[in-house]
Amino acid sequence: MARTRTAKTQTPQSTAQQLASLVKSCRDIMRKDKGLNGDLDRLPMLTWIMFLKFLDDMERVREEEAKLAGKKFRPAVEPPYRWRDWASDPQGFTGDALTAFINHDEAVRPDGKRAAGLFAYLRGLESANGDRRDVIATVFQGVTNRMASGYLLREILNKVNEIHFTSKDEIYTLGLLYESMLKEMRDAAGDSGEFYTPRALVKFIVTVVDPRLGETVLDPAAGTGGFLVQSFEHLKPQCKKTEQFEHLQRETLYGIEPKSLPYLLCQMNLLLHGLEYPQVASHNALDKPLREMGDKDRVDVIMTNPPFGGEEERGILGNFPEDKQTAETALLFLQLIMRKLRRPLGGYKPGRCGMVVPNGVLFGDGVCARIKDELLKEFNLHTIVRLPNGVFAPYTSIPTNLLFFDRSGPTKEIWYYEQPLPEGRKNYTKTQPVQFEEFAPCLEWWKKREADERAWKVQASDVFKYDESGNLVSVNLDIKNPSAKQDFEHLPPEQLADDILKKEQRIAELMAEIKQLL
């Protein structure tokens with residue numbers, strides 16, 4: 001045992017520069033492969049390869065820990081499907097034999113026997129007690145090997161084999177590098193209509209919602225896991241005992257992500273940050289009828305940036321009340337969140353939420369008004385943070401807001417806070433994104449809640465509008481900062497149209513006067 005420990009401490013460590021260079025080399029090799037097109041293909045490839053290397057390194061550590069404790073160890077991946085069996089030998093499987101072993105349902109294994117191929121084996125893993133085997137099987141349901149050349153693939157395996165996931169320093173360095181890869185992934189995916197939440201915004205939401213140890217935290221639109229990772233980092237310092245950390249690992253953080261690529265990236269992201277048992281489901285969070293959700297389905301905290309502007313299939317809409325069915329995904333997720341927040345019963349505290357919504361949610365009528373009517377009458381919408389232009393640049397220029405509400409009772413008053421752009425800036429950009437430090441004044445204001453040039457308060461009763469018969473007409477949450485200059489970005493469409501018509505009429509009047517003078 002002593003020899004093993006000594007060998008481990010002598011394992012060469014990679015610097016951040018070396019790791020960055022290694023990843024760049026892998027991507028340069030991938031550019032030569034005819035099966036891959038752009039980073040949307042290359043980064044997922046690199047992710048699943050690194051995932052398997054990471055998994056094997058973690059298994060080695062666990063095996064040694066089990067031996068030291070005198071316990072039996074059962075690996076998640078059995079020989080000869082472990083990384084060390086087929087990938088670690090630089091002179092091992094290559095060319096067509098390598099791609100056949102990975103891709104085919106049945107292939108010749110490294111031990112010379114004909115049996116299930118690598119992906120077929122991984123997809124078939126099963127667990128009786130919900131351990132890592134289930135995670136691996138779910139991850140690889142949506143993974144494919146798109147590289148055409150087994151020889152180029154062997155070169156990549158040899159490069160990745162230089163990363164040592166048994167070193168905590170190296171995992172931390174790779175975690176930082178992986179975040180930069182995720183950012184590139186987001187930049188590439190932005191062209192496909194995928195919007196990702198800037199890390200500064202995620203950190204701000206987690207900071208003010210402030211999840212506590214013992215609470216359950218959910219992101220029903222997990223994406224690549226930003227909210228879950230930040231929640232894990234926020235909760236870790238609260239753990240003072242081993243059993244508390246174990247509870248955090250297994251029974252605290254939950255996510256849902258239906259798309260295979262973000263799901264894989266999410267799993268890798270969480271594992272790299274030290275969450276060893278990610279509870280992320282791979283299905284559509286909207287696929288269950290709201291009426292079937294009871295107290296057992298509810299959670300203490302929800303933090304999310306749900307997709308908006310998209311559309312769901314008709315079958316999904318049937319899961320929602322008839323008078324609240326809509327094609328706008330942000331409104332469907334808002335209803336889901338309202339349903340899933342814990343009620344203050346049986347000693348539980350009321351559930352709470354911090355979420356991103358597009359500006360249309362604030363001023364929308366019809367179905368949108370009915371959803372907001374329920375939100376204000378059954379939940380406490382205590383704060384709306386109005387975000388400046390370009391927070392989601394370059395993916396969308398749609399103005400966005402943050403809603404913070406809980407299940408403590410109906411809304412009596414709503415605080416608004418207008419987050420400004422940094423001085424001298426007109427917009428955020430891809431190269432100059434929002435920074436967490438910019439939220440410092442808002443975090444300070446959050447504690448004392450006083451009206452100033454950035455913050456104002458509105459009575460909930462003032463946002464409702466009814467017709468003569470008492471029927472709901474609108475619920476307008478799009479309240480302008482009384483201390484600010486007119487902001488056309490945040491005006492409702494009907495008001496913008498009225499303003500344009502008035503200006504057109506004034507121009508016509510002036511033209512008529514000029515014509516008369518001439």
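All values derive from a computational prediction rather than experimental measurement. (Residues numbered from 1 in each chain as written. Predicted model: local features only at pLDDT ≥ 70, side-chain atom pairs only at ≥ 80, totals over all residues. Heavy atoms only, no water.)

1. Some thoughts on the overall build of the protein chain
And then number 1: The secondary structure content of the protein chain amounts to 19 helices and 13 strands.
And then number 2: Here the protein chain holds 518 residues, and the buried ones make up 51% of them.
And then number 3: Here the contacts in the protein chain between residues at least 6 apart in sequence split such that 74% fall between residues at least 24 apart.
And then number 4: As displayed, the protein chain offers around 25200 Å² of accessible surface, 50% of which is attributable to carbon and sulfur atoms. (Helix = DSSP H or I, 4+ residues; strand = E, 2+ residues; numbered from the N terminus. Buried < 20%, exposed > 50% of the residue type's maximum accessible area, 1.4 Å probe, protein only. Contact = heavy atoms within 4.5 Å. Areas by Shrake-Rupley, 256 points an atom, 1.4 Å probe, with all protein chains shown as cover.)

2. Observations regarding the pairing of strand β10 (residues 413–418)
And then number 1: Among the six residues in β10, five count as buried, and that is most of the element.
And then number 2: By the bridge criterion, four bridges tie strand β8 (residues 380–386) to β10 in an arrangement that is parallel. Its bridge partner lying in β10, T383 is registered against W415.
And then number 3: Pairing of β10 with strand β11 (residues 455–459) involves five bridges; the strand directions are antiparallel. Opposite Y416, over in β11, you have W456 as the bridge partner. (Pairing = 2+ DSSP bridges.)

3. Side note on the packing of helix α10 (residues 199–209) against helix α18 (residues 440–448)
And then number 1: Across the interface, α10 lies against α18 with an axial gap of 11 Å and an inter-helix angle of 15°. Comparing the axis directions of α10 and α18 gives the class roughly parallel. For α10 against α18, the interelement crossing comes out right-handed. From α10, F204, T207 and V208 reach across to α18, where they touch C442, L443 and W446. (Axes fitted to C-alpha atoms, helices over the stretch in contact; angles between N-to-C directions. Parallel < 35°, antiparallel > 145°, perpendicular 65-115°, else oblique. Left-handed = near helix turned anticlockwise from the far one by under 90°.)

4. A closer look at the confidence of the model for the protein chain
Parts of the model with low pLDDT should not have their predicted coordinates read in detail.
And then number 1: Taken over all residues, the pLDDT of the protein chain has a mean of 87, while the share at 70 or more is 88%.
And then number 2: Per-residue pLDDT stays below 50 along residues 1–10; that stretch engages in seven contacts with residues further than four places along the chain or on separate chains. (pLDDT = per-residue confidence, 0-100.)

5. Concerning the pattern of salt bridges
Proximity of charged atoms lets side chains of opposite charge pair with each other.
And then number 1: Taken as a whole and judged by the stated rule, the model has 27 salt bridges.
And then number 2: Across the pair D56 and R60 runs a salt bridge whose closest N-O atoms are separated by 3.7 Å. Taken as a pair, D56 and R60 lie in helix α3 (residues 39–68) at a separation of four residues, close to a single helical turn.
And then number 3: The class of R60 is partly exposed, set by a relative accessible area of 39%. (Salt bridge = Lys/Arg side-chain N within 4 Å of Asp/Glu carboxyl O.)

6. Here we look at the nonpolar core
And then number 1: Residues W48, L52, W86, L122, F140 and F204 are the most contacted members of the largest nonpolar core, which totals 93 residues.
And then number 2: In terms of residue count, the dominant contributor to this core is α3 (ten residues).
And then number 3: Those residues in contact with L52, other than ones at most four positions away along the chain, are W83, W86, L118, L122 and F140.
And then number 4: One finds I316, L332, L403 and V475 within the second-largest nonpolar core, a separate group that totals 46 residues. (Core = buried A, V, L, I, M, F, W, Y, C linked by side-chain atoms within 4.5 Å.)

7. Quick look at the packing of aromatic side chains
Between two aromatic rings, the relevant description is the distance of the centres plus the angle of the planes.
And then number 1: Counted by the stated rule, this structure contains 19 aromatic pairs.
And then number 2: Geometrically, the ring pair formed by Y81 and F101 is stacked, given 6.1 Å between the ring centres and 15° between the ring planes. Of this pair, Y81 sits in the loop between α3 and α4 (83–86) while F101 sits in helix α5 (residues 95–103), placing them 20 residues apart in sequence. In this pair, the class of Y81 matches that of F101, namely buried. (Phe/Tyr/Trp six-rings, centres within 6.5 Å; stacked < 30°, edge-to-face > 60°.)

8. A short note on the sheet that holds strand β3 (residues 217–219)
And then number 1: In spatial order, the strands read β5-β4-β3-β6-β7-β9-β8-β10-β11; together these nine strands make up an open sheet with mixed pairing. Because the sheet does not close on itself, it has two edges, and the strands there are β5 (279–281) and β11. The mean inter-strand angle of the sheet, taken between neighbouring strand axes irrespective of direction, is 20°.
And then number 2: Direction of pairing for β3 relative to strand β6 (residues 301–304): parallel, over a ladder of two bridges. Bridge pairing links L218 to I302 in β6.
And then number 3: Contacts between α10 and the sheet are confined to β6, β7 (352–358), β8 and β9 (400–406), with β9 contributing the most and set at about 20° to the helix.
And then number 4: The strands touched by helix α11 (residues 226–235) are β3, β4 (253–256), β5 and β6; relative to β4, the strand with the most contacts, the crossing angle is about 175°.

9. Structural notes on helix α15 (residues 329–340)
And then number 1: Between its first and last C-alpha atoms α15 spans 16 Å; for twelve residues at 1.5 Å apiece the expected length is 16 Å, and the two agree.
And then number 2: Listing the buried residues of α15 in full gives T329, A330, L331, L332, F333, L334, Q335, L336, I337, M338 and K340.
And then number 3: Two to three positions downstream of the cap, the backbone nitrogen of A330 sits 2.9 Å from a side-chain oxygen, assigning the N-cap of α15 to E328. (Expected span 1.5 Å × (residues − 1). Polar contact = N/O pair within 3.5 Å; in protein donor to acceptor, adjacent residues only side chain to side chain.)

10. Looking at helix α17 (residues 367–378)
For an α-helix the count is 3.6 residues per turn, leaving residues at separations of three or four pointing the same way.
And then number 1: For α17, with twelve residues, the first-to-last C-alpha span of 17 Å sits near the 16 Å given by 1.5 Å per residue.
And then number 2: Every buried residue of α17 is accounted for by V367, C368, A369, I371, K372, D373, L375 and L376.

11. Here we look at the side chain of H164
And then number 1: You can see H164 is positioned in the loop between α8 (150–160) and α9 (168–189).
And then number 2: In terms of polar contacts, H164 uses its side chain to reach the backbone carbonyl oxygen of E162, at 3.1 Å.

12. Structural notes on the pairing of β8
And then number 1: Within β8, six of the seven residues are buried, which leaves the element mostly enclosed by the surrounding structure.
And then number 2: Here β8 pairs with β9 via six bridges, running antiparallel. Across the sheet, N380 pairs through a bridge with D406, a residue of β9.

13. A closer look at unusual backbone geometry
Note: most residues except glycine have negative phi, and most peptide bonds are trans.
And then number 1: Across the junction of P79 and P80, the peptide omega takes the value 0°, indicating a cis bond.
And then number 2: Unusually for a residue other than glycine, D210 sits at a positive phi of about 55°.
And then number 3: Considering the arrangement of structural elements, one finds D210 in the loop between α10 and β3.
And then number 4: Look at R449: it is not a glycine, yet its phi comes out positive at around 55°.
And then number 5: Considering the arrangement of structural elements, one finds R449 in the loop between α18 and β11.

14. Side note on the environment of D287
And then number 1: Within the secondary structure layout, D287 lies in the loop between β5 and β6.
And then number 2: With near-sequence residues (within four places) excluded, D287 lies in contact with I316 and N319.

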